[in-house]
Amino acid sequence: MRRLLIGILLVPGLTAQAADDESLIERGRYLARTADCAACHTAEGGAPFAGGVPIASPFGTIYGTNITPDPNYGIGEYSADDFYHALTEGETPSGRQLYPAMPYTSYHLMRREDADAIYAFLMSREPIARAAPETDLSFPYNQRWGVAFWNLIYADALEPDASSSQSSAWQRGQYLVEAMGHCGECHTPRSWTGAMDLDRHLEGGSLAGYRAPSLEAEALAERGWNRDDLAHFLKHGMSPQGSVFNEMFPVMHHSTQYLTDEDLSAMATYLLGDTPPEARRIEPRPLETLSDSARRGRQSYLDTCAGCHGGDGQGKPQVAVAMNGNTTLRLEDPTNLLRVMLDGIEARDFPGFARMQEMPGFAAHLSDTELADLGNYLRETWGGQPGDIAPEDVADLREDSAHAAP
Amino acid sequence: MKYPRLSRRAFLKGSATGIGITVAPLGSRAFAALFEPRVTAARDQWASPSGAHFRIDAISKVSGAKVFARDIRARDMPGWPQQQSHAMLLKATRADRTYQGFDLSLLDDGLQPDRIVTSADLEQDGVGFPESHGPDPLLPEGKTPLFLGHPVAILIWHDFARYRAAKNALQFRDDLIRYGAKTGEVERPPYGSFRYVRVGGETPYDPDVFSSLKDSDLFPTIKNRRPVWPDDPSLNGDIGEQGVYHARRMQDTLDDPPDNWEVFQARYTTPYIEPAALEPDNGNGWLDPDTGTLNFVVATQCPFESAHETARMLEGSRFDVRHLNVHPGYTVGYGSKDHNIFVYYAVIAALYGDGHPVRLANDRFEQFQSGIKRHPFDMDYRLAVDRDSLKFQIFRAHMDVNGGGRANYSASVAAVGATAAQSVYYLPRSDLATTAYPSRAVEAGSMRGYGTLQTMAATEMMVDELAERLDVDPIELRRANVLEAGMKNTQGAIPGGAIRVGEMLDKAERHPLWKERTERRDKRQAEDPDHLYGTGFAVSHKDFGTGAEAPMASVEIDAEGRIRLRQIAIDMGTGTATSQAMNVVDFLGRPADDIKTGETDWPELTLETSGNPYTMQQAEQDRLSRNPRWTPRLASPSSASNSAYYSSHATREAARLVFRHGLWPAALSIWGQGIYGGQANPYVMRLEDARWVEGHLTASGMTPIPLAKLAAKAHEMGLVTAASVHAFNRWSWASAEFPLNDEAPRLPLDAVAVKYGDDDYHLLDRRDVRYPDVQLNNAHVTYYSPVATLVDLRVNKGSGEVEILEHYSWVECGKPIVPELVKGQLEGGIAMGIGHALLEEMPLYEDGPGNGTWNVNRYQLPLARHCAVWKQGSEILPPLSDTDPAKGMGEVVMIPIVGAIVNALAHATGQRFRDLPVTPERIKEALHG
Amino acid sequence: MAELSTRPLRLTINGQAVGPVEIPDDLMMIDFLHEYQGLTGSRLGCGQGICRACVVILDHDDGTSEEMRICITGAHFFHGKRIRTIEGHAEHGDDGDVVALNPIQRKFVDHFAFQCSYCAPGFVNAATVLVERLEREPVARADLEATIDQALGHHICRCTGYVRYYQAAKAAIEELGLVKEG
């Protein structure tokens with residue numbers, strides 16, 4: 001009888017607890033998306049959060065770990081404290097230092113309650129009993145003390161600017177961009193040690209042969225971005241300025257597409273500022289005003305690009321982005337443009353009913369000169385950039401491309 | 001109550017107009033394949049009496065010959081001007097505001113169209129439009145578009161370069177059309193609404209208490225564009241009210257069922273599907289001003305309908321068209337080129353070509369924007385089962401069907417879907433209600449599956465889930481409820497012939513994929529933490545034919561023994577030309593040497609028609625059939641899986657006549673040569689002993705005679721050397737007596753013309769014609785072919801993507817004509833079913849195909865990697881005997897795979913998916929919340 | 001109108017020198033073949049380089065060959081180059097009749113590989129390129145099916161479910177001795 005009574009008494013409490021858990025888990029699901037855990041911890045074709053994603057770094061390949069609640073291979077034995085400590089300090093319960101591919105320098109700023117929610121969410125997932133592949137870095141980066149040392153130098157260096165003169169959206173955006181979204185990890189240049197060069201915060205980084213462009217407000221506006229388009233771009237992966245590709249695709253795929261419109265707008269507000277600079281408009285330049293190289297490039301454009309991007313660079317809806325207004329053409333550094341022309345872009349599913357087909361690479365079909373001419377045609381016509389690509393620039397990239405990991 | 005139009009192919013309202021119609025044979029070599037699909041050098045090798053070695057059209061098709069209408073340009077056409085003009089349709093992409101004209105000012109002067117055709121032109125010039133495709137083929141200003149993509153004008157350029165440049169500039173622009181006041185969507189009543197109620201007798205073999213066949217289909221009144229049924233129906237009311245009374249009682253029982261019943265309820269939805277026939281819609285026409293001849297090359301599954309409707313369009317127009325030459329190509333459509341309005345846009349483009357040949361040919365974006373789609377269904381199913389006996393008790397299925405912006409076959413698709421919902425099961429009581437609604441979506445029409453894919457796949461998901469709920473093996477539950485031969489379908493009709501679903505269930509149950517499914521799943525899941533594994537089964541049987549089939553064929557044999565076959569059926573890739581040519585082997589000892597498909601010119605049969613075969617009263621049929629030239633229907637399109645059985649019926653009956661009244665008497669004459677009746681005299685000669693052996697005829701030990709010698713003899717003796725036949729089927733064949741020599745055999749035909757010797761055709765005067773009772777329309781289906789499929793698959797836990805690992809199917813289609821073609825249909829149908837179940841999806845409205853931005857980058861068609869190309873198997877059940885008819889199976893093959901996939905997903909994930917397609921997004925949602 | 005500016009094109013199609021033909025700068029190759037050359041066997045399926053019904057074979061000077069999607073490739077890309085289209089594979093007799101097929105065509109025919117055949121030219125060209133590649137470097141038995149998957153895997157066929165195309169390609173490769181055993 002006594003047991004029965006206890007049972008009855010406990011039921012409402014348990015139910016309320018379960019509902020609390022449920023809402024905590026839901027909050028954690030959302031926060032895990034804002035922190036983009038899946039990008040590194042869910043391998044393509046693998047179970048969620050079971051690890052195994054290869055992350056190319058200049059020092060070797062780092063593999064995302066298993067963060068399912070499996071006690072042996074995952075974080076099943078972590079307490080919430082352990083989890084918070086690992087996220088924000090880069091140290092496991094056993095005292096092992098994490099590689100800095102785990103963005104704990106950014107997560108360092110994460111609020112405890114947010115880490116706890118993510119923890120609750122991850123612990124509610126299916127445990128996957130499988131070890132992630134061993135990371136194998138070359139000396140000295142295979143030395144964990146080295147990582148600890150690096151950590152010692154830089155770990156606390158970035159603090160959010162809590163200036164109260166900024167709007168609440170701006171501050172929310174700051175938290176999302178700097179802490180959760182850890183945008184700076186790619187969009188900030190890194191020093192020779194591999195640590196972010198915090199003096200040049202968000203000025204643009206480099207990743208697997210591509211440039212992660214500057215996210216500074218002036219630079220974004222210069223490349224044609226306004227707040228709405230930027231938020232739309234993060235949500236849908238496409239905007240009049242282009243579509244996400246390369247390493248930005250998984251960010252959209254796993255993370256930003258799931259964020260609320262308010263949060264995305266907040267991120268755009270933070271990046272462009274409460275008073276954003278005006279987005280620069282560029283009128284296409286007429287053919288007859290272009291350099292000789294660019295004028296030669298036009299026929300290559302018609303031969304190999306116009307079928308999808310349109311004869312006048314207008315693009316085709318849902319097929320290929322417009323060149324007119326395209327943000328990649330406006331980068332002073334032509335690396336990304338040339339890399340895409342050489343390597344192409346693989347087919348990708350976008351949110352909703354969008355799917356971008358593969359863009360073929362033209363490394364095999366166009367010579368260095370043809371690619372330089374084509375690049376100059378694109379930059380001069382639609383990019384507001386000079387036609388200063390030389391065939392040798394293409395040759396250098398072609399070399400890199402050939403050596404890049406597949 | 002007015003009968004809604006239920007005609008699946010009700011195109012002929014009367015005899016043809018005063019405009020002569022022919023399919024002119026063309027001499028150009030380029031047309032060898034298009035118009036006389038002989039395979040040039042390989043013509044003698046494609047088949048032998050023992051079977052087809054390859055498709056009759058294979059050599060042309062594999063070597064890039066011009067076989068499609070799409071391939072034809074003006075300069076390919078003998079007698080046409082060389083210069084080809086090109087046209088495009090300008091379309092409105094909103095359906096909530098009035099259309100107020102268009103603006104092409106963004107085109108430079110040099111790129112402005114040479115001719116623009118609008119509704120004003122059609123009106124002024126008296127160009128009608130097929131009534132069944134109306135209203136407003138080109139939308140007049142001031143009206144609200146009926147649907148997204150409603151055409152407003154045809155633009156014509158007289159050279160390719162300017163056409164292409166202009167089209168590039170215009171495509172995807174949303175600022176070409178001016179819109180006016182906001183009106184909201186145009187509201188219209190349903191395209192059709194029907195109900196089929198059956199209360200069986202004591203046993204499945206006793207007479208029904210109530211059913212469509214015994215009593216009537218039920219029709220609602222329409223109020224506020226919705227079907228309304230009597231509130232308080234009584235058994236003393238009219239027949240309709242009685243039916244609703246029975247339905248109401250069923251509903252009451254389902255609401256308050258006996259204790260030992262399980263009542264299952266679920267809602268199922270199906271996707272909006274683009275047929276994606278790779279040849280987009282196209283036509284190319286030239287109105288020859290000198291002769292008043294409209295020459296028209298067109299891609300269509302129904303050349304006969306296209307030709308006759310075109311003639312009717314032009315009747316009374318200012319265009320003095322005196323003759324129409326229609327040239328259908330080999331094509332492909334999966335139904336989407338049947339009863340397709342596009343044909344008539346192409347006709348209009350040709351009329352306004354100012355003497356130039358004009359080609360109107362969709363690109364893929366345009367095809368998505370205007371091509372006929374598969375209907376999405378929204379189904380509410382309830383099924384009651386007795387837990388002790390496992391016998392189904394009551395099935396109630398109410399469904400809404402979205403027909404899109406133009407009335408095509410939506411009413412009929414809704415009806416066919418409802419009457420198929422029972423799948424392979426016997427249901428003692430059933431209440432099936434179905435309504436096809438208009439919407440602003442791009443029009444839906446005939447497409448492979450024709451409603452049955454939607455409803456039967458859902459039934460198979462329901463039965464599987466119900467088995468789980470009852471904790472019985474899904475195959476056992478199916479076996480307990482299989483409709484056996486002699487039992488009635490949900491309309492109260494008895495299906496034709498033996499029913500072999502039970503054999504398939506036995507085979508599936510013994511198959512390792514099924515037997516070991518759970519151990520295999522558990523083992524693999526232990527080894528592979530990234531995936532969930534599962535196996536599923538489903539079985540369906542589908543009707544073939546339309547309930548008003550009108551095949552035509554002629555078989556002629558010349559004095560050298562060459563066999564020439566003409567068929568009204570057209571080859572859409574299914575192999576009709578090949579299989580029809582093979583059909584004559586049983587009677588003539590070898591396949592046809594020449595075959596002409598898509599033949600629309602049958603002067604020798606001089607038939608006429610009137611009335612609607614689906615809705616006419618018995619008295620009207622009795623009266624009309626007194627006219628010996630009348631038939632309920634002149635011709636059928638190539639659709640509804642109708643070639644294997646119905647087209648074959650005509651080919652075989654024609655060949656049988658040539659044999660019976662030509663070659664056989666010729667053989668008797670040869671064997672009887674000499675005194676005392678020659679070599680035949682000591683033996684008894686019987687027709688049933690006749691056998692072809694290696695192209696020679698023998699019987700009862702007579703010297704084998706080569707075909708050529710028999711043919712020569714038949715010609716010499718003035719025997720029957722050719723037969724041209726027409727037949728009519730309303731779930732049973734019409735028959736009549738035909739005077740032939742001194743006999744008057746009763747044949748399952750309603751028109752026969754024969755040639756005696758080298759003469760021209762003589763039309764035989766039929767006597768005592770018997771058309772199937774009009775009440776048989778209410779059977780809705782009596783011909784079925786079953787297919788069963790097992791699927792093994794895995795689901796990625798992270799991405800939600802499904803990978804089909806292996807599948808195996810059984811098909812029963814009587815005696816296959818060419819087994820390779822049957823297998824090809826099966827393999828292709830399974831791929832299409834995979835698309836329907838897992839991959840293919842579009843929004844219906846503003847973001848959907850009507851906006852002109854859809855293509856196959858977004859619309860995922862099945863690729864090889866989706867189909868388990870290397871890991872699939874199938875078997876065709878051997879026929880009961882070699883007298884089994886060949887049965888249609890082009891559609892049923894795609895149905896079980898759908899249910900089997902969804903059932904396998906349940907086995908893998910523990911989740912029941914009821915909305916198709918089961919996309920990765922839906923799976924992720926189910927797995928992870 | 002810049003679109004209508006033209007330039008001459010000269011190339012080799014199925015071993016025949018073609019041109020110079022004065023055609024628009026931005027003409028797609030598929031339109032050149034269809035509207036200017038009367039070669040309609042390379043079919044327009046999607047027009048966006050996805051379905052590959054349009055592919056032709058581009059022959060390189062080093063003896064290698066590759067598929068090209070001509071619905072998204074300009075005609076002038078092929079200036080001075082050599083291509084083969086579906087019309088070029090079979091041998092024709094004096095009267096124009098087909099007297100011999102290439103090994104892939106032959107197998108596709110014998111296996112009832114296609115139905116409507118709209119996609120067949122693309123499959124023939126892709127499989128022919130594969131055979132030519134394997135003639136230079138045969139494939140190990142264990143990799144045969146995956147190699148076919150890779151070579152034909154992007155091609156869309158709506159009728160057949162691909163089974164017979166794949167089986168036919170496999171049979172052709174085996175019979176031509178392009179499989180390394182063991």
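Not measured: the values here are computed from a predicted model.

Scanning chain A from N- to C-terminus turns up 17 helices and 8 strands. The proportion of buried residues among the 406 residues of chain A is 50%. A fraction of 62% describes how many contacts in chain A between residues 6 or more apart in sequence connect residues 24 or more apart. Summed over all atoms, the accessible surface of chain A reaches about 18,800 Å², with 55% contributed by carbon and sulfur.

Bringing the interface of chain B and chain C into the picture now. The interface of chain B with chain C comprises 68 residues on the first partner and 61 residues on the second. Of the roughly 5,300 Å² buried where chain B meets chain C, counting both sides, 60% is carbon and sulfur surface. For the chain B face of the interface with chain C, the top three residues by lost area are Val62, Leu278 and Trp870 of chain B, together amounting to 16%. Across the chain B-chain C interface, the total number found is 5 salt bridges. Across the pair Arg73 of chain B and Glu35 of chain C runs a salt bridge, and its minimum N-O distance is 2.9 Å. Applying the counting criterion to the chain B and chain C interface returns 22 residue pairs in polar contact (both at pLDDT 80 or more).

Ranked by internal contacts, the top residues of the largest apolar core, which has 295 residues, are Phe32 and Phe108 of chain C. With 14 residues, helix α18 (residues 643-671) of chain B is the largest single contributor of residues to this core. When near neighbours in sequence (up to four residues on either side) are disregarded, Phe108 of chain C contacts Val62 of chain B together with Ala113, Phe114, Phe123, Val124, Ala127, Tyr165, Ala168 and Ala169 of chain C. Among the nonpolar cores identified, the runner-up in size contains 79 residues, and Tyr104, Ala294, Leu338 and Leu397 of chain A belong to it.

This part is about the UniProt feature "binding site: heme c 2" (unreviewed entry) in chain A. Residues and elements named next belong to chain A. Under the local residue numbering, the UniProt record ascribes the feature "binding site: heme c 2" (unreviewed entry) to Cys183, Cys186 and His187. Within the fold, Cys183 resides in the loop between α7 (168-180) and α8 (184-187). Ignoring sequence-local partners within four residues, the contact set of Cys183 consists of Val177, Leu202, Leu215 and Met267. Here Cys186 lies in helix α8. With relative accessibility at 29%, the residue Cys186 sits in the partly exposed group. Excluding residues that lie within four positions of it along the chain, Cys186 makes contacts with Gly205, Ser206, Leu207 and Ala212.

This part covers the sheet that holds strand β22 (residues 563-567) of chain B. Across a sheet, strands are paired by hydrogen bonds formed along the backbone, either parallel or antiparallel in direction. Residue and element names in this part refer to chain B. With respect to topology, 6 strands assemble into an open sheet ordered β23-β22-β21-β27-β30-β31, the strand pairing being mixed. Edge strands, defined here as strands with exactly one partner in the open sheet, are β23 (594-596) and β31 (761-763). Along the sheet, successive strands turn relative to each other by an average axial angle of 15 degrees, direction set aside. In the sheet, strand β27 (residues 720-726) pairs with strand β30 (residues 751-756) via 6 bridges, with the strands oriented antiparallel. Residue pairing in the sheet places His726 in a bridge with Ala751 of β30. Contacts between α18 and the sheet are confined to β21 (552-557), β22, β27 and β30, with β27 contributing the most and set at about 150 degrees to the helix. Against the sheet, helix α19 (residues 707-717) makes contact with β21, β22 and β27, and its axis sits at roughly 95 degrees relative to β21, the strand it touches most.

This part covers the interface of chain B and chain A. Contacts between the two partners involve 21 residues from chain B, matched on the other side by 19 residues from chain A. When the two sides are added together, the surface that chain B and chain A hide from each other amounts to roughly 1,700 Å², 53% of it contributed by carbon and sulfur. When residues of chain B are sorted by the area they lose upon contact with chain A, Asp530, Asn857 and Arg858 of chain B head the list and together hold 31% of the total. Linking chain B with chain A are 2 salt bridges.

Averaged over every residue, the pLDDT of chain A is 87; the share at 70 or more is 87%. In this model residues 1-14 of chain A is a low-confidence stretch, pLDDT under 50, and it forms 0 contacts with partners more than four residues away in sequence or in other chains.

Residue and element names in this part refer to chain A. The positions UniProt marks with the feature "binding site: heme c 1" (unreviewed entry) are Cys37, Cys40 and His41. The residue Cys37 is located in helix α2 (residues 37-41) in this model. Beyond its immediate sequence surroundings of up to four residues, Cys37 is in contact with Ala32, Phe49 and Ile67. For Cys40, the location among the structural elements is in helix α2. What makes Cys40 partly exposed here is its relative accessible area of 24%. Dropping the residues within four chain positions of it, Cys40 is found in contact with Val53, Ile55 and Gly64.

On inspection of all chains with the given rule, the structure shows 48 aromatic pairs over all chains. Following the ring pairs from residue to residue traces out a cluster consisting of Phe544, Tyr645, Tyr646, Trp731, Trp733 and Tyr783 of chain B. Cation over ring: Arg440 of chain B sits above Tyr845 of chain B, and NZ or CZ is 4.1 Å from the ring centre. Positioned above the aromatic ring of Tyr118 of chain C is the side chain of Arg43 of chain C, whose terminal nitrogen or guanidinium carbon lies 5.4 Å from the ring centre.

So, on to the domain arrangement of chain A. In many reports, interface size means the accessible area that the parts give up when they come together. Residues and elements named next belong to chain A. Taken as a whole, chain A is organised into domain 1 (18-154), domain 2 (168-272) and domain 3 (287-403). Here domain 1 and domain 2 share an interface that buries about 2,000 Å² over both sides, 58% of which is from carbon and sulfur atoms. Sorting the residues of domain 1 by area buried against domain 2 places Tyr30, Arg33 and Thr34 first, and these three jointly supply 29% of that buried surface. Listing elements by their share of the side of domain 1 that touches domain 2, those giving two or more residues are α1 (2-34), α2, α4 (104-107), α5 (112-123) and α6 (144-154). No other element matches α1, which puts 4 residues into the side of domain 1 that touches domain 2. For the side of domain 1 that touches domain 2, the per-class residue count stands at 15 nonpolar, 3 polar and 4 charged.

This part takes up empty space enclosed by the protein. Over the atoms rolls a probe the size of a water molecule, and in doing so it shows where empty space is left. All names here are of chain B. As enumerated under the stated definition, the model contains 15 cavities of 30 Å³ or more in all. By volume, the largest cavity amounts to about 540 Å³. Mapped by element, the contributors of at least two residues to the lining of the largest cavity are α15 (576-583), α18 and α20 (819-839).

Moving on: the environment of Ser410 of chain B. Here Ser410 of chain B is to be found in helix α9 (residues 410-420). Beyond its immediate stretch of four places on either side in the chain, Ser410 of chain B contacts Tyr191, His375, Gly403, Ala436 and Ala444 of chain B.

Quick notes on the rules
- Residues numbered from 1 in each chain as written.
- Chains lettered and ligands numbered in written order.
- Predicted model: local features only at pLDDT ≥ 70, side-chain atom pairs only at ≥ 80, totals over all residues.
- Heavy atoms only, no water.
- Helix = DSSP H or I, 4+ residues; strand = E, 2+ residues; numbered from the N terminus.
- Buried < 20%, exposed > 50% of the residue type's maximum accessible area, 1.4 Å probe, protein only.
- Contact = heavy atoms within 4.5 Å.
- Areas by Shrake-Rupley, 256 points an atom, 1.4 Å probe, with all protein chains shown as cover.
- Buried area = accessible area lost by both parts, 1.4 Å probe.
- Salt bridge = Lys/Arg side-chain N within 4 Å of Asp/Glu carboxyl O.
- Polar contact = N/O pair within 3.5 Å; in protein donor to acceptor, adjacent residues only side chain to side chain.
- Core = buried A, V, L, I, M, F, W, Y, C linked by side-chain atoms within 4.5 Å.
- UniProt positions renumbered as here; feature names shortened; annotations may be inferred.
- Pairing = 2+ DSSP bridges.
- Axes fitted to C-alpha atoms, helices over the stretch in contact; angles between N-to-C directions.
- pLDDT = per-residue confidence, 0-100.
- Phe/Tyr/Trp six-rings, centres within 6.5 Å; stacked < 30°, edge-to-face > 60°.
- Lys NZ or Arg CZ within 6 Å of the ring centre and 35° of its normal.
- Domains from an automatic or database assignment.
- Nonpolar A, V, L, I, M, F, W, Y, C, P; charged D, E, K, R; others polar.
- 1 Å grid on protein atoms, 1.4 Å probe; cavity = no way out; pocket = protein on both sides within 12 Å on 5 of 7 lines; lining within 4 Å.
- Points joined across faces, edges and corners; volume = space filled by probe spheres on them.

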